[in-house]
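Below are the chains, spelled out letter by letter.
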Amino acid sequence: MRNDIHIYVGPDASDQLIRFCQDRKLNTLMLVADENTYAAAGQALETKLKAAGIDAKMSLLTGEEIIATERYFVQVMLDAGRYKRTFVAVGSGSITDITRFVSYFTHSDFISYPTAASVDGFTGAGAPSVIVGFKKTVMCHSPLGVFGDLDVLSAAPQEMTASGFGDMLGKYVALADWRLGELLWNEPRDETISQRVKVATDRCIARIDEIGQASPEGIQALMDGLIESGLGMLAANSSRPASGTEHQVSHHLEMKLLQENRPAVLHGIKVGAASIIAAGYYEKVRQLDQREVSQKLEIAEQPTREQYLQEIKTAYPGIEEKVLAEQEQFISLSGSAYQDLKQRVIDNWAEIQDIATSVPSPQQMSNWLRQAGGVTNLAALGFSDEEIDEALTYSHLLRNRFNVNKLWHLFGIDLA
Ligand SMILES: [Zn+2]
């Protein structure tokens, strides 16, 4: 795991990248781009690198939709040949993931040259990939450096910027969920990392007008936030600081689209819309007093193993084993441990409500998201009511984490 990633976000990032390569004697590069990112930045970068005397080959990915899957892994490997090269991902989400994957498995390094502030995964080590039809995050490595050019990033389609903002907005939920996980499920939590991600998120909110206008100041704040979030995950060695209920819901829907061969929806666009639902859950938590919660918990019955199995089979055919393994600790809670957990919720209700106050209201979150050009409800992204319902009902099963949605599914505290 690297934690000395060279980060530059500003004007003339290509000059910075060239200097970085020259200083480290990285003279043989393999650029990876698609047709859009080649036009937006790849071609100019390639020309500059060659002019600087650097051997830069280009792997140009084509196709309707570029996703991190075998087809593209193999193409980039073949384009690179057997010479040792340093890869440069010229693009955002998928191109970075493809490049991260191939560079890792060919014992090479890579550099990230993002073309949109659309996602917080640039600095991370995991490559979310689709392998034999299933989505999984393959642990690879983080880049040697990230070079974000403000002119390039500001010129990206606003939808991409809104996606990055949606991914950041989700941190309010993710950070609250992390506190909940520590309080109720003994999950390890790091306050310093938590604070870093919180500050980065607040800074994006402070620049919401500029982000909506894609001004250099706004894009700089957003990009800084996304990078900080990525570094937070790297420091925690987990996605926990940056991913909670909202990412589970988004992940569920993403798998649905994949399985049914439907067009992808940008990661942060889904996350942003799901964040508003999760913010609604926290709003509900703020409204319930301890007496009401005690009454609800008194009649709550522990879900049986059969119930879990049935739900997992219904919601996640094909990956039942994996989901089951994630949930095993919840499924195998003894009767008395379940009662203890109930008591813990009641005893700590004031603290849980305090956690809930750290999440802005869904109305506030919607306003911000709209300002950034995002979409505030999942139905507008083409999901049916039934699909949304399923995502909200089952996605808590995807991780062994105590997120706010567990209060609902484990104890029947209706948050919808
Ligand atoms: Zn994300």
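Please read all numbers here as calculations on a predicted model, not as lab measurements. (Residues numbered from 1 in each chain as written. Predicted model: local features only at pLDDT ≥ 70, side-chain atom pairs only at ≥ 80, totals over all residues. Heavy atoms only, no water.)

1. Concerning the sheet that holds strand β4 (residues 86-90)
Phase 1 of the analysis: Spatially, the 6 strands line up as an open sheet ordered β1-β8-β5-β4-β2-β3, and their pairing is parallel. Two strands bound the open sheet, and with one partner strand each, they are β1 (6-10) and β3 (55-61). Looking at each pair of strands side by side, their axes are set apart by 20° on average, direction ignored.
Phase 2 of the analysis: As paired strands, β1 and strand β8 (residues 145-149) are joined by 5 bridges and run parallel to one another. Looking at the pairing, Gly10 lines up with Asp149 of β8.
Phase 3 of the analysis: Relative to the sheet, helix α3 (residues 70-80) contacts β2 (28-34), β3 and β4, its axis offset from that of β3 by approximately 155°. (Pairing = 2+ DSSP bridges. Helix = DSSP H or I, 4+ residues; strand = E, 2+ residues; numbered from the N terminus. Axes fitted to C-alpha atoms, helices over the stretch in contact; angles between N-to-C directions. Contact = heavy atoms within 4.5 Å.)

2. Focus: the nonpolar core
Phase 1 of the analysis: Formed by 89 residues in total, the largest nonpolar core has its most connected members in Phe165, Phe402, Leu407 and Phe411.
Phase 2 of the analysis: With 11 residues, the top contributor of residues to this core is helix α6 (residues 158-185).
Phase 3 of the analysis: Residue contacts for Phe411: discarding those within four places in its chain leaves Lys296, Leu297, Ala300, Tyr338, Leu341, Lys342, Val345, Phe402 and Lys406.
Phase 4 of the analysis: With 23 residues, the next largest nonpolar core counts Phe20, Leu26, Ile54 and Val88 among its residues. (Core = buried A, V, L, I, M, F, W, Y, C linked by side-chain atoms within 4.5 Å. Buried < 20%, exposed > 50% of the residue type's maximum accessible area, 1.4 Å probe, protein only.)

3. A short note on the packing of aromatic side chains
Phase 1 of the analysis: According to the stated counting rule, one finds 10 aromatic pairs in the structure shown.
Phase 2 of the analysis: Ring geometry for Phe330 against Phe402: centres 6.3 Å apart, planes inclined by 50°, an arrangement best described as tilted. Placement of the pair is Phe330 in helix α14 (residues 320-331) and Phe402 in the loop between α18 (385-394) and α19 (404-411), with a sequence separation of 72 residues.
Phase 3 of the analysis: Through a chain of ring-to-ring contacts, three or more aromatic side chains come together here, namely Phe73, Phe101, Tyr104 and Phe105.
Phase 4 of the analysis: Positioned above the aromatic ring of Phe330, the side-chain terminus of Lys406 is 4.0 Å from the ring centre. (Phe/Tyr/Trp six-rings, centres within 6.5 Å; stacked < 30°, edge-to-face > 60°. Lys NZ or Arg CZ within 6 Å of the ring centre and 35° of its normal.)

4. Focus: the side chain of Ser118
Phase 1 of the analysis: Among the secondary structure elements, Ser118 is positioned in the loop between β5 (110-113) and β6 (126-131).
Phase 2 of the analysis: Of the polar contacts made by the side chain of Ser118, one reaches the side chain of Ser92; its length is 3.4 Å.
Phase 3 of the analysis: Setting aside anything within four residues of it in sequence, one finds Ser118 in contact with Ser92, Gly93, Met160, Ser163, Gly164 and Leu226. (Polar contact = N/O pair within 3.5 Å; in protein donor to acceptor, adjacent residues only side chain to side chain.)

5. Thoughts on the pairing of β2
Phase 1 of the analysis: For β2, the tally of buried residues reaches 6 of 7 residues, placing the bulk of the element in the interior.
Phase 2 of the analysis: Alignment of β2 against β3, held across 7 bridges, turns out to be parallel. Bridge pairing in β3 links Leu29 to Ala56.
Phase 3 of the analysis: Considered for its hand, the β-α-β crossover made up of β2, helix α2 (residues 35-51) and β3 is right-handed.
Phase 4 of the analysis: One ladder, built from 4 bridges, connects β2 with β4; its direction is parallel. Looking at β4, one finds that Leu29 is bridged to Thr86. (Right-handed = clockwise from strand over helix to strand, strands pointing away.)

6. Description of the pattern of salt bridges
Between side chains of opposite charge, pairing is possible as soon as their charged atoms come close.
Phase 1 of the analysis: Throughout the structure, instances matching the rule amount to 19 salt bridges.
Phase 2 of the analysis: For Arg240, the salt bridge goes to Glu187, with nearest N and O atoms at 2.6 Å. Pair noted here: Arg240 is in the loop between α9 (216-236) and α10 (245-259) and Glu187 is in the loop between α6 and α7 (191-206), with a separation of 53 residues, a long-range link. Here the two residues Arg240 and Glu187 agree in accessibility, since each one is buried.
Phase 3 of the analysis: The residue Lys256 makes a salt bridge to Glu260 at a minimum N-O spacing of 3.3 Å.
Phase 4 of the analysis: For Glu260, a relative accessible area of 39% corresponds to the partly exposed category.
Phase 5 of the analysis: Because the salt bridges share partners, they merge into one network encompassing Lys256, Glu260, Arg262 and Glu387. (Salt bridge = Lys/Arg side-chain N within 4 Å of Asp/Glu carboxyl O.)

7. Here's the deal with the environment of Ile355
Phase 1 of the analysis: Inspection of the secondary structure puts Ile355 in helix α16 (residues 349-356).
Phase 2 of the analysis: Given a relative accessible area of 1%, Ile355 falls into the buried group.
Phase 3 of the analysis: Remark: the alpha-carbon pair of Ile355 and Arg286, spanning 69 residues in sequence, is separated by 9.1 Å.

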